[in-house]
Each structure stands twice: as structure tokens, then as C-alpha cells.
Amino acid sequence: MNLSVSSFDDLSARIAAVRDAHGERFPGGAEGRQPVHTVYVPADRFSRSTPAEFGAEALRLLNTHTPGAGSFGAAFGLDPELAGQVRERVAAKLAAEPVEDVRIDFEDGYGVRADAEEDAHVEQVVEAVAAAYQVKGLPHYWGVRVKSFADGGHERAMRTLDGFLTALRDRLGRLPGGFTITFPKVVAAEHVRLFTEFLDRLETSLGLPQGILRFELQVETPQSLIDHEEGRVGLGPLVAAGGGRITAAHFGVFDYTAALGLPPHEQRLDHPACDFARHLMQVSLAGTGVRLSDGSTNVVPRNDGPDEVNAAWATHAAHVRHSLAHGFYQGWDLHPAHLPSRYAAVYAFHLSGVDDVIGRVRAWHEQAAGNAGGVLDEPATVRALTARLRRAVDCGALDESVLPAS
């Protein structure tokens, strides 16, 4: 080929350098299973049997208030053709793995206590975690939420985490897999850097592998979204300050909406102000490997009456559907009654139109191999469809056998 430019090797090298730098900053989505929820339990109420007790109570509520497909579909607003299949799978999930991720809470759900009292609860939690681990009763993911560095709780946060991990090491000799730490109410990247430095010291002192202590940020302040000092979106700098330790960003509905001055009756997950925050989280963190989680619904049944239970289910299921529609596949659950509505909404989301999804993915692979004609979906679309199927299998909505060969 006759070319007019004698050489563009220097441009190629610079282009490759930009590409490589971009790849380091945006490595793609996180690998492995993402839980559909995180269940928050105050530290003083956590025991070795808490996950199983949540499941048993959730299953009791399910069987009491929705004994058949018809009542189940009506309670959760499901297509009658899906209701029976979804109910069967939800019941099986509640019996086998009701909690996918649990967070033992030493922050808002626990409150401010005297040091001696919190120290005692740290010891109590260590015994509960160790006992659950030894009988394979810990959820797939688990962890602790410490107090915030933003409101004077920093010394207590570090003491609690140090005491917990030191005692767990002494009790078990290891850190069970799936562990993460929740770092709440972030207002400054420097707090994230200081927490990361503390984790470095903790790993060294405990003899843990470098980088094994990972954590998730709670995005529940306007300052975590907007860096007012630098005049820029704040989430990227927060993640960078974590030095590769940050696994997820969890949205905090109630602190965030309160900070904006919304009236109490408008402090809800599906408020447009929350949509703005979630969309900013998505745009900022897409492709970084940092997972996203939505927040919680604070509506729980006040008693076991059908009106109370069904009203709580309707609100919670609607919030879960809102999250899913906006691409947030994980959220917080605070009460056993949230588990039936969580799984009902999630499973219906994954099973609705699933045959078409499977067919499109299979057709794409066949056409890519030259075995069929027709219109191909874009590769990005097929990746999204495949990810949807993978999520469905991971949470129990589908069996592994239905996945098309990739």
C-alpha cells in the first residue's frame, strides 16, 4: 500500500499507552457472584443462627399469607403464568439459602454505646461468627459495618474492627472467606485514605495477606457524590483513595434524603433525588469493577396481620423492582418479611421473558459460528443478556443447565 506518512510508530505507542492506562482504571465489571441483597443485623442481636432464623420466619410468613400461587401472585403483583414457578423457587430459596450477604452492624442499627459494652458485643459476635462458620452457617458473603469517620466515631471504629479481627484470628486461626467491611457516611477522600492505611497496619499486625481486607463505601452524603473543594464528581477520587481495596458502593437512602432536606414522608428509595444519586454512581463507577447496591426500605410489618404484611410486601417489592429497572441488582434488607418480597421481585424480573433471552444468546453464538443467518444482536447486548442469565442462576431463579454454551 502506498502511504503518504512515512511513520506513525510514535503515535501508535502513545495510543497504546492511553489504552493501557484506561484499561487499568476501567478493567470491566467485577467477576464472580453478586448477592441480591445485604441483610443488616444490629451487632447485639446477631447469633450463629440469625441467617437461619431469618429464613424460617420469612418462610412462615410466605406460607401463612400466600399459601398458593394465586395469593402469591396477588401479593407481589406477578403475572399469573409466572406466579406458581416463582413461588416454588422462592420457597426453596428461603429454605436453603435465605441470606446471601449479612452485615453485622456496629453503626446506626447498633448505636453509640459505652466502650465496655461494645467491646463485649465484639466478643459475642466473634463467638457467633466462629460457631456459624464451624457448622457452615455463615452466608456466602458476610462482614461488619463500623462507625463513620465523619462524626467522631473513628477511634471506636478502629477499635471494634481491630478487636473483632484479632479475636477471630485467635478463635479460628483464619479469616473465613467472603468477608468485607462497610465504611459508612463518607464525606472526604482523605478519610478513605486513612481507613486504607489503618487496614494496611492491621494486616501487618495480624499476619494477614496484603490486600485481603476489602471494603465497600456507603454513598449517603452529598459530599460523597460531589467534591466541592475540587469542583468535580467525587466518587472516582473516593475509589482511588481506597488503593484497590474498594469492592462496592452502597447507596444510603435515608441519610442522603435527610441531608438534602426532604420531608420525612418523601425519604424513600424511589424518590427522584435518589434516582439522580444512583445514576451518578452508575456513570462514575461503570467499568471500574466496583459493584453497586441500592439502599433499604424502612417499611416493615407492625404485626402478623395480613393487611400489615401485604402492605409491607407491596412497598418493598415495588422498591426492588424500581432498583432492578435502574440496573441496581442488589439492595439492603432489614427484616425477615423483606426476604419473600425481595426474592419474588428478583425472580420474576429474571424469569419474565427468559425464554426469549436464552434464544437470543443461543442464536448469537450459532450465527457467530457461521451456523445460521439472520440479524445479530450487538456483542454488548449479548454480554448484557448473558450477564442477566448468570445473575438468575447465581441467585436461584434458574438452574445452571439452562445456560447456553458460551
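Please refer to the structure higher up on the page.
Since the model is a prediction, treat every value here as computed from it, not as a measurement.

Rules used throughout
Residues numbered from 1 in each chain as written. Predicted model: local features only at pLDDT ≥ 70, side-chain atom pairs only at ≥ 80, totals over all residues. Heavy atoms only, no water. Helix = DSSP H or I, 4+ residues; strand = E, 2+ residues; numbered from the N terminus. Buried < 20%, exposed > 50% of the residue type's maximum accessible area, 1.4 Å probe, protein only. Axes fitted to C-alpha atoms, helices over the stretch in contact; angles between N-to-C directions. Parallel < 35°, antiparallel > 145°, perpendicular 65-115°, else oblique. Left-handed = near helix turned anticlockwise from the far one by under 90°. Contact = heavy atoms within 4.5 Å. Nonpolar A, V, L, I, M, F, W, Y, C, P; charged D, E, K, R; others polar. Core = buried A, V, L, I, M, F, W, Y, C linked by side-chain atoms within 4.5 Å. Pairing = 2+ DSSP bridges. Polar contact = N/O pair within 3.5 Å; in protein donor to acceptor, adjacent residues only side chain to side chain. Right-handed = clockwise from strand over helix to strand, strands pointing away.

1. Quick look at the environment of histidine 350
And then number 1: With respect to the helices and strands, the residue histidine 350 is situated in helix α13 (residues 338-351).
And then number 2: Histidine 350 sits in the buried class, given a relative accessible area of 4%.
And then number 3: A sequence separation of 43 residues divides histidine 350 from valine 393, and the C-alpha atoms of the two residues are 9.3 Å apart.

2. A few points about the packing of helix α2 (residues 50-65) against helix α4 (residues 80-96)
And then number 1: With their axes 8 Å apart at the nearest point, α2 and α4 run at an angle of 155° to one another. The angle between α2 and α4 falls in the class roughly antiparallel. In this structure, the crossing between α2 and α4 has a hand that is left-handed. Here Gly55, Ala58, Leu59, Leu62 and Asn63 of α2 come into contact with α4, specifically with Arg87, Val90, Ala91, Leu94 and Ala95.
And then number 2: When its residues are assigned to classes, the contact of α2 with α4 shows 7 nonpolar, 2 polar and 1 charged.

3. Re the nonpolar core
And then number 1: Leu161, Phe164 and Phe179 are the most contacted members of the largest nonpolar core, which totals 99 residues.
And then number 2: Leave out the neighbours within four places in its chain, and phenylalanine 179 touches Trp142, Gly143, Val144, Leu161, Phe164, Leu165 and Leu213.

4. A closer look at the sheet that holds strand β10 (residues 331-333)
And then number 1: The sheet built from 8 strands is open, its strands ordered β9-β8-β5-β4-β3-β2-β1-β10 with parallel pairing. Only two strands of the sheet have a single neighbouring strand rather than two, namely β9 (291-293) and β10. Between one strand axis and the next, the sheet turns by 30° as a mean value, whatever way the strands run.
And then number 2: Direction of pairing for strand β8 (residues 246-251) relative to β9: parallel, over a ladder of 3 bridges. By the bridge assignment for β9, alanine 249 is matched with leucine 292.
And then number 3: Where helix α11 (residues 272-285) meets the sheet, its contacts fall on β5 (215-219), β8 and β9, and the angle it forms with β8 comes to roughly 165°.

5. A short note on the environment of leucine 161
And then number 1: On the secondary structure map, leucine 161 appears in helix α6 (residues 154-172).
And then number 2: The exposure class assigned to leucine 161 is buried, which follows from its relative accessible area of 0%.
And then number 3: For leucine 161 and valine 129, which are 32 residues apart along the polypeptide, the C-alpha to C-alpha distance reads 14 Å.

6. A short note on the side chain of glutamine 330
And then number 1: Along the polypeptide, glutamine 330 turns up in the loop between α12 (306-325) and β10.
And then number 2: Among the polar contacts listed, one links the side chain of glutamine 330 to the side chain of threonine 38, at a separation of 2.9 Å.

7. Concerning the pairing of strand β4 (residues 179-183)
And then number 1: Extensive coverage of β4 is indicated by the burial of 5 of its 5 residues.
And then number 2: Where strand β3 (residues 141-145) and β4 come together, 4 bridges link them in parallel fashion. Bridge pairing in β4 links tryptophan 142 to phenylalanine 179.
And then number 3: Traced from β3 through α6 to β4, the parallel crossover comes out right-handed.

8. Examining the pairing of β8
And then number 1: Counted residue by residue, β8 has 5 buried out of 6 residues, so it is predominantly covered.
And then number 2: As paired elements, β5 and β8 share 5 bridges and run parallel to each other. Paired with valine 219 across the two strands is phenylalanine 251, which belongs to β8.

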